[in-house]
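If you want the building blocks of each chain, they are given just below.
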Amino acid sequence: MPRERLYLFDTTLRDGAQTNGVDFTLHDKLAVAALLDDLGVDYIEGGYPGANPVDTELFGRDRSLRATFTAFGMTRRPGRSTANDPGLAALLDACADAICYVAKTWDYHVRVALETTLEDNLASIRDSVRAAKAKHREVLLDCEHFFDGYKANPDYALACAKAAHEEGARWVVLCDTNGGTLPHEVEAIVKAVTAVVPGDHVGIHAHNDTEQAVANSLAAVRAGARHIQGTLNGIGERCGNANLVSLIGNLKLKPEYSGSFEIGVTDDKLAHLTRVSRSLDEILNRAGNRHAPYVGDSAFATKAGIHASAILKDPATYEHVRPEAVGNRRKLLVSDQAGRSNVLAELERVGIAVERDDPRVARLLDVVKEREAVGYAYEAADASFELLARRMLGKVPQYFDVTRFDVNVEHRVNAIGERVTVSMAVVKVTVGDDKLISAAEGNGPVNALDLALRKDLGKYQTYIKGLNLTDYRVRILNAGTEAVTRVLIESEDENGERWTTIGVSPNIIDASFQALMDSIVYKLVKSGAPA
Ligand SMILES: [Zn+2]
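Residues numbered from 1 in each chain as written. Predicted model: local features only at pLDDT ≥ 70, side-chain atom pairs only at ≥ 80, totals over all residues. Heavy atoms only, no water.

**Q** Go over the coordination of the zinc ion with me, naming the residues and quoting the values.
**A** Coordination sphere of the zinc ion, protein contribution only: Asp15 (OD), His205 (NE2) and His207 (NE2), at 1.9 to 2.2 Å. Between the donor residues of the zinc ion, the gaps in sequence give the motif D-x189-H-x1-H. Of this pair, Asp15 sits in the loop between strand S2 (7-10) and helix H1 (26-39) while His205 sits in strand S8 (residues 202-206), and the two are 190 residues apart along the sequence. (Donors = N, O, S within 2.8 Å, 3.2 Å for Na, K, Ca; no water. Helix = DSSP H or I, 4+ residues; strand = E, 2+ residues; numbered from the N terminus.)

Below you can see the structure in the form of structure tokens.
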């Protein structure tokens, strides 16, 4: 039997951007859009053209996405014509494939918030859909407060949905704006809507205020809706939006859904789900939720005892799906046997050959555990793990020695009376018999240290010429009783190869120094520099 098509609509860049502490730059938005496009999401809502400079620039030109790139905005304002509404004009002029309008569908909100009549609100919906159709855009209507509106005045809420559909809106999206509706209510109300608007034109937009946004989205699908809106990792204001990552896992891997429905995410792309989820956290510079279903670090982590030994015999005993399906990894904690296989797997991945029963593997495992306990995260820092492993297996030359460094930050008034902060670093290095001193000024202490370190490494200088620092991330951790700083540095070489190194210390300069050193040494190892 052919499966029905379900459409996924991502609003990470619009509704997700409402999250406390989330502030996407244009660069971030394009990076997230690229992730979503590659994953196979059908619609990407980029933002609200005309509302802020980033969104206006985002929609200033064609972004050549495979997905339907969607602009968000309000229907025409009460008492105005569509031709005389600047907000609507910005939306209609945006370089977008589709326009998603938001309109009020709760009679109480129409009267109190919009201060207009129920009839004028219906006319605004009709006019706005028509105006976008005239511009050859695909049209969606987000029905704000639909579920609360339906409970208060079902006829009016349905009339709004019907008006949009009759004018040719591709999707009428039912929004649980306050996020308080329960799954059985969603199912019943969506069913009532599909009696007036066909289900393959009905969508769901759920918020997570009762921790049921994913369940509500699936309940809507059961009742006939064929379009789901959500965000990566469920970001969004208050408690967030429906988590598209969990939804994709469920829709692809639970036979009840995968047997009846097809989505734009292929099995191959599903294996990138974990990477996509973690990439968003990286862009937001925040720690991922370890316990996130499907993609969290702990989603397939089992702690010792009978579970672990059963998993070693047959993983299906304690796992609801295979971690590889979503690009995640099985993790067995505590058990030395399992930790050893993890380390062996990592060594194999970075290309270090070692005998299974080599006692140094057990020592390496101990060191990794000790270091992770104080804040190191080797999963995020492949290059540092590889160096640690190579050192413990006795294979990294002592190329050079930084005998001393000094970093100075000075705040003063300059010659023309401006207050400036100047950073300078001096580094003393021994390379073979040569003793070298380099100094550099930078736009901050870490930048100055980086420049001074890489200024003169004597005979190794040619190897690190093409080395560039491409990202620098700092996180304050509470490891044990005191706060420590974890620094992750991403570097790139002249061949476009990238790697990440890590440093952990109570002192941010020291943590940065460790990560910078690892990056340079890693590059020398990789280039086969002679000892
Ligand atoms: Zn919303």
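Read on, since the account is not over.
**Q** So what's going on with the nonpolar core? Which residues, and what values?
**A** The biggest cluster of nonpolar side chains holds 88 residues, and the ones touching the most others in it are Tyr101, Phe146, Val190 and Ile248. Ignoring any residue separated from it by four or fewer positions in sequence, one finds Val190 in contact with Phe147, Leu174, Val202, Ala220, Ala223 and Ala225. Counting 35 residues, the second-largest nonpolar core is a separate cluster that includes Ala440, Ala452, Ile489 and Phe513. (Core = buried A, V, L, I, M, F, W, Y, C linked by side-chain atoms within 4.5 Å. Buried < 20%, exposed > 50% of the residue type's maximum accessible area, 1.4 Å probe, protein only. Contact = heavy atoms within 4.5 Å.)

**Q** Can you tell me about unusual backbone geometry, naming the residues and giving the values?
**A** At Glu211, a position not held by glycine, the phi torsion is positive, near 60°. When its relative accessible area of 66% is taken as the criterion, Glu211 is described as exposed. One non-glycine residue, Arg238, lies in the positive phi region at around 55°. Here Arg238 shows up in the loop between strand S9 (227-230) and helix H10 (244-253).

**Q** Tell me about the pattern of salt bridges, and please be specific about residues and values.
**A** For the structure shown, the criterion picks out 39 salt bridges. Here Arg76 ties to Asp127 by a salt bridge, and the two come within 2.9 Å at their closest N and O atoms. You can see Arg76 sitting in the loop between strand S4 (68-74) and helix H3 (86-93) and its partner Asp127 sitting in helix H5 (residues 118-134), a full 51 residues away along the chain. For Arg76, a relative accessible area of 6% gives the class buried. One salt bridge in this structure joins Glu167 and Arg126, with 3.1 Å as the shortest N-O distance. Highlighted residues: Glu167 in the loop between helix H7 (154-166) and strand S7 (171-176) and Arg126 in helix H5, separated in sequence by 41 residues. Residues participating in the shared-partner salt-bridge network are Arg76, Asp120, Arg126, Asp127, Arg130, Glu166 and Glu167. (Salt bridge = Lys/Arg side-chain N within 4 Å of Asp/Glu carboxyl O.)

**Q** Outline the packing of helix H17 (residues 382-392) against helix H20 (residues 508-526), supporting the account with residue identities and numerical values.
**A** Where H17 meets H20, the closest approach of the two axes is 10 Å, and the angle between their N-to-C directions is 70°. With respect to each other, H17 and H20 are oriented roughly perpendicular. H20 is crossed by H17, and the crossing has left-handed handedness. In this structure, H17 uses Ala383, Ser384, Glu386, Leu387, Arg390 and Arg391 to contact H20, whose residues at the interface are Asp518, Val521, Tyr522 and Val525. Partitioning the contact of H17 with H20 into residue classes produces 5 nonpolar, 1 polar and 4 charged. (Axes fitted to C-alpha atoms, helices over the stretch in contact; angles between N-to-C directions. Parallel < 35°, antiparallel > 145°, perpendicular 65-115°, else oblique. Left-handed = near helix turned anticlockwise from the far one by under 90°. Nonpolar A, V, L, I, M, F, W, Y, C, P; charged D, E, K, R; others polar.)

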